[in-house]
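Working through the structure, step by step
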Amino acid sequence: MSDTQIIVGLEIGTSKVCVAVGEVSDNQVVNIIGLGQSKSRGVRKGEIVDASLVEEDVRNAIVEAEHMADVEIRSVFLGVSGSHMRGFNNTGVHPVVSADREITDADIQDVIKNAKAINLPSDHSVVHVIRQHFRVDGQDGVLNPEGMLGAKIEVDVHVVSGRYNRLQNPIRLVSGLHLEVDNIAFNGLASSLALLSTEQKELGTLVIDLGAGTTEYAIYSAGVIKHTGVLAVGGDHVSNDLAYGLKVPLGRAEQLKIDHGSAIIDPEANNRSVDLSTDSVIPGKKINLGHLQMIMSMRLQETFELIAKDIEQAGLIDYLRAGVVLCGGGARTPYITRLARDVFNLPAAIGRSSTVSGIKNALDEPEFATPVGLIKFGAFQSQTTPRREGFGRVIRKQFASLFGGKK
Amino acid sequence: MTENQKTFSGGEPVIRLIGLGETGVKLVETLAMIGPEGVESHSLDTDNRSLSRCHQSKTLLLGQAIPCGLGTGGDVALARAAVESDRDRLAKLVEGANLVFVIAGMGGGTGTRAASLVACLAKESGALVVGVAATPFDCEGTRRCNQATGGLRDLKQASDVVFHFSNQDVVQMTGADTSLNNALEIANRHLCESVLGVSRMLLEPGLLNVSFGDLQSAVQGRQSLGSVIHVEGSGEDRAATAVEKMLAHPAARGGEALQEASAILVHLSGGEQLSLAEMNKVTEEIKQHASAVDLVVGASGPGRDEALQVTVVIAHQVKLTEVEPDLSASIESQSSEVANVSFTETFMPSGETSYVGLGEDSGGSRRGGFAYTPPAPTSEAITPELKDSLIEAAARQESDRKKRKKITQEMLPLEIVSKGRFEKSEPTIHKGEDLDQPTYIRRGMVLN
Ligand SMILES: Nc1nc2c(ncn2[C@@H]2O[C@H](COP(=O)(O)OP(=O)(O)OP(=O)(O)O)[C@@H](O)[C@H]2O)c(=O)[nH]1
Ligand SMILES: Nc1ncnc2c1ncn2[C@@H]1O[C@H](COP(=O)(O)OP(=O)(O)OP(=O)(O)O)[C@@H](O)[C@H]1O
Ligand SMILES: [Mg+2]
Ligand SMILES: [Mg+2]
């Protein structure tokens, strides 16, 4: 009965390399049994810049996770991100040819194939094609058209793509460590899978992963993914701005951000200062708290505004009835939800990996949304592994269940 | 890829920073924070307090038996005992490195004593050894200054090259009004810049590489003193600006330092538009001052710097006439002897000692006795007010002595601190706007 399976998620993040080990039972319940982490030294803006350092960091994180979960890790679901990644929607069209006009499984496969024929730049390749809705003779919002009658069937899909070479970099690195890559997934998608409940997906939610090097976002509405995006801006930029503006070294700025940071400006702060006299590097230096908060809030506000603008252009701002959910290390910034509420004019909250169980640590910390989400992604995918092919319609299952559609 | 290789055979050299004593620890912590990447950092002290402030580097407490974490308070004998007792651990620490930076403030106990020993051990293990040393303000007292002079001499003997910066120089450069904090910050920047300059040269992927071998042949076995100049030119004729700044840099001593150089390594980094004409301009200017010298030129192309960054490493070989008899001893025998050298009585009182100039080596050349050794001031014992007044006094004295030669201080560009994080990655351009630039600056906010 309890035929469990081990699924591992690996995020090679800008600040940390993180491995999460999940035990997935036959009925798709995910239990986190292990977590491994190491400081990431060879990644900038979500992409590898120093392979040998990253190899070492990945190895360390894997070993730690193996110890904790007491398993041997042979394959991983790998998270990918970076400024080269794009999210957009596409539509496939297919005429129903059978004499009785009843839509068959073959029609569905064909229309999906059509939707996948995307005009990508030659150096790009597809990471995800996620089915949203079908239309039958213009009738919107059909979840499963099989058996319906119609002359024309259309399907909307959400596509995530990226530069081939830049996607290959982490894959090659992980393969070089004798780890198999089961599949790759866009980090922003993974995080949203970890955090959102079915209700939130239905009502419409914006998930923002505030990482160190990148900020990913994803929108769900009517149960399906509508939009994704990534900005190569993150907590490193906040720290860098602080280092520049406050004239302190980057490491010091990072510490100041964590100790005294705020996403909004406290009007009282201008009169207060942080004394660095105990700091051995810059003896006696005083930091104006008002400056610190101003520099920080401007960066964070800008980041949110860029996302807001993008969502408005996509015409989705009115579909977010469940508001904004934040994750990633940046979600720890005090008053970040307040800033999000002000910019998006929507309720905002920090996300929790509520739909999984296991190590409390992994579920409470906003940084772990991506690796935990990768396990969920893997769990959905493994539903379609050959041994379960008997249930038929491999591809359909994958698309329908993976990203919200139906359970 | 390359793990702990003994002899260097291409690839990235294994570089280790070792900070000794409070000053060394401070500097290594700073360096570990602001880069260079791919460099191992270690902080060593006899004082637990100074190690407890370390977050970026690996720490090692010296002399666990004595003085058991309490520091030496400037006591060289105590420091010697502590350092010697940890000889094996120190030897292990330097093992497998190609290039070791030994970083310390001279004048106290720990840094003064440990630096030369670590340098010797590193040398024995086959590494190229670069010393980085600060020496005290004159006003810190005769004993400190003498201890410093001796420590610097020992370090120089054990190292391939020593970048030395005297805190007193800052007083000379900036005048009497400088606060102690400011003076130390400036000194520390100069010291850090020498480490950053050298490692940037070696590690930055380049069009024309300055290799580890280039550095090796420039300084190896020469027991030279060195200095590093780092300047940045921008605007219309950025090469001209850079050259101008280079010659105005205190370490260039109006070009004198270039003339006296035994080897010069130049590294340019100027983004995509770095031109041959610019390289020529910089190297020609250097050649004008130093025609006969070994000149190694490197350049790194990419990066997104609008500015032209020029790093010049100058090595001055110690003139033989200045060398003390015992300097001729081989490094091997030095390494075992150095701990036994008692230098406390062998040096001139500080008033007459002039080790101030970068590249000048006079500390050990004149002998003279002195009798009274006041207790060394520890940094805790001096109140800030007292320190400031001491500095003022020293500055007044200085300006009398060196009125003619007031050099304006060139602040090292802060960019080394703030741009570092994104240097290796593609710039984030969003609708024509460079999002790597601080938002508050792009939006015209002024901090006041
Ligand atoms: N450039 C620079 N010099 C410093 C700094 N702090 C102290 N010094 C100088 O370095 C000398 C040595 O001091 P420390 O590094 O504190 O001594 P230590 O090696 O820890 O030795 P003990 O504490 O006596 O065991 C002092 O006399 C000062 O002149 C600093 O931050 N920067
Ligand atoms: N208390 C805090 N306040 C503000 N920022 C914080 C806090 N704690 C962590 N951060 C920031 O969160 C970032 C790390 O987040 P996270 O671990 O999600 O990034 P990552 O996954 O390594 O990076 P990326 O996904 O961008 O590649 C760092 O920039 C860190 O400074
Ligand atoms: Mg992340
Ligand atoms: Mg000390």
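Values in this document were obtained by computation on a predicted structure and should not be read as measured data.

All right, on to the site of ligand 2 then. Residues and elements named next belong to chain A. As a matter of local geometry, ligand 2 sits amid 21 residues, with Thr14, Ser15, Gly213, Glu254 and Lys257 nearest to it. One of the backbone nitrogen or oxygen atoms of Gly329 is found 2.9 Å away from an oxygen atom of ligand 2. Between ligand 2 and Gly330 there is a distance of 3.3 Å, counted from an oxygen atom to a backbone nitrogen or oxygen. Protein chains shield 92% of the accessible area of ligand 2, which is 650 Å² for the free molecule.

All names here are of chain B. The environment of ligand 1 is formed by 23 residues, the closest being Thr23, Thr72, Thr110, Glu140 and Asn188. Thr72 is positioned such that a nitrogen or oxygen atom in its side chain is 2.5 Å from an oxygen atom of ligand 1. Between ligand 1 and the protein, one listed contact pairs an oxygen atom with a side-chain N or O atom of Thr110 at 2.5 Å. Considered on its own, ligand 1 offers 650 Å² of accessible surface; in the complex 92% of this is hidden by protein.

Turning our attention to the sheet that holds strand β13 (residues 215-221) of chain A. Residues and elements named next belong to chain A. With respect to topology, five strands assemble into an open sheet ordered β14-β13-β12-β17-β18, the strand pairing being mixed. Two strands in the sheet have a free side with no partner beyond their single neighbour: β14 (224-231) and β18 (348-350). In this sheet, adjacent strand axes meet at a mean angle of 20° when their direction is disregarded. As defined by bridge partners, strand β17 (residues 324-327) adjoins β18 across three bridges and the pair is classed as parallel. Directly across from Leu326, in β18, lies its bridge partner Ile350. Running at roughly 150° to β18, helix α9 (residues 336-344) makes contact with β12 (205-210), β17 and β18 of the sheet.

So, about the packing of helix α6 (residues 235-246) of chain A against helix α8 (residues 289-313) of chain A. All names here are of chain A. Viewed as axis vectors pointing N to C, α6 and α8 meet at an angle of 145°, and their least axial separation amounts to 9 Å. The hand of the α6/α8 crossing is right-handed. Facing α6, whose interface residues are His237, Val238, Asp241, Leu242, Gly245 and Leu246, α8 presents His291, Leu292, Ile295, Met296, Arg299 and Leu300. Here the contact of α6 with α8 is composed, by residue class, of seven nonpolar, three polar and two charged.

Another aspect to go through is the interface of chain B and chain A. Contacts between the two partners involve 36 residues from chain B and, on the opposite side, 40 residues from chain A. In total, chain B and chain A occlude about 3600 Å² of area from one another, counting both sides; carbon and sulfur atoms represent 57% of this. Inspection of the chain B/chain A interface yields five salt bridges. One salt bridge connects Glu302 of chain A with Arg443 of chain B, and the closest N-O pair in it is separated by 3.9 Å. In this structure, the connection of chain B to chain A is made through 14 residue pairs in polar contact (both at pLDDT 80 or more). Elements with a minimum of two residues in the side of chain B that touches chain A: α1 (21-33), α8 (180-203), α15 (415-418) and α16 (439-442) of chain B. With four residues, the single largest contributor to the side of chain B that touches chain A is α16 of chain B.

Criteria and thresholds
Residues numbered from 1 in each chain as written. Chains lettered and ligands numbered in written order. Predicted model: local features only at pLDDT ≥ 70, side-chain atom pairs only at ≥ 80, totals over all residues. Heavy atoms only, no water. Near = heavy atom within 4 Å. Polar contact = N/O pair within 3.5 Å; in protein donor to acceptor, adjacent residues only side chain to side chain. Areas by Shrake-Rupley, 256 points an atom, 1.4 Å probe, with all protein chains shown as cover. Pairing = 2+ DSSP bridges. Helix = DSSP H or I, 4+ residues; strand = E, 2+ residues; numbered from the N terminus. Axes fitted to C-alpha atoms, helices over the stretch in contact; angles between N-to-C directions. Contact = heavy atoms within 4.5 Å. Left-handed = near helix turned anticlockwise from the far one by under 90°. Nonpolar A, V, L, I, M, F, W, Y, C, P; charged D, E, K, R; others polar. Buried area = accessible area lost by both parts, 1.4 Å probe. Salt bridge = Lys/Arg side-chain N within 4 Å of Asp/Glu carboxyl O.

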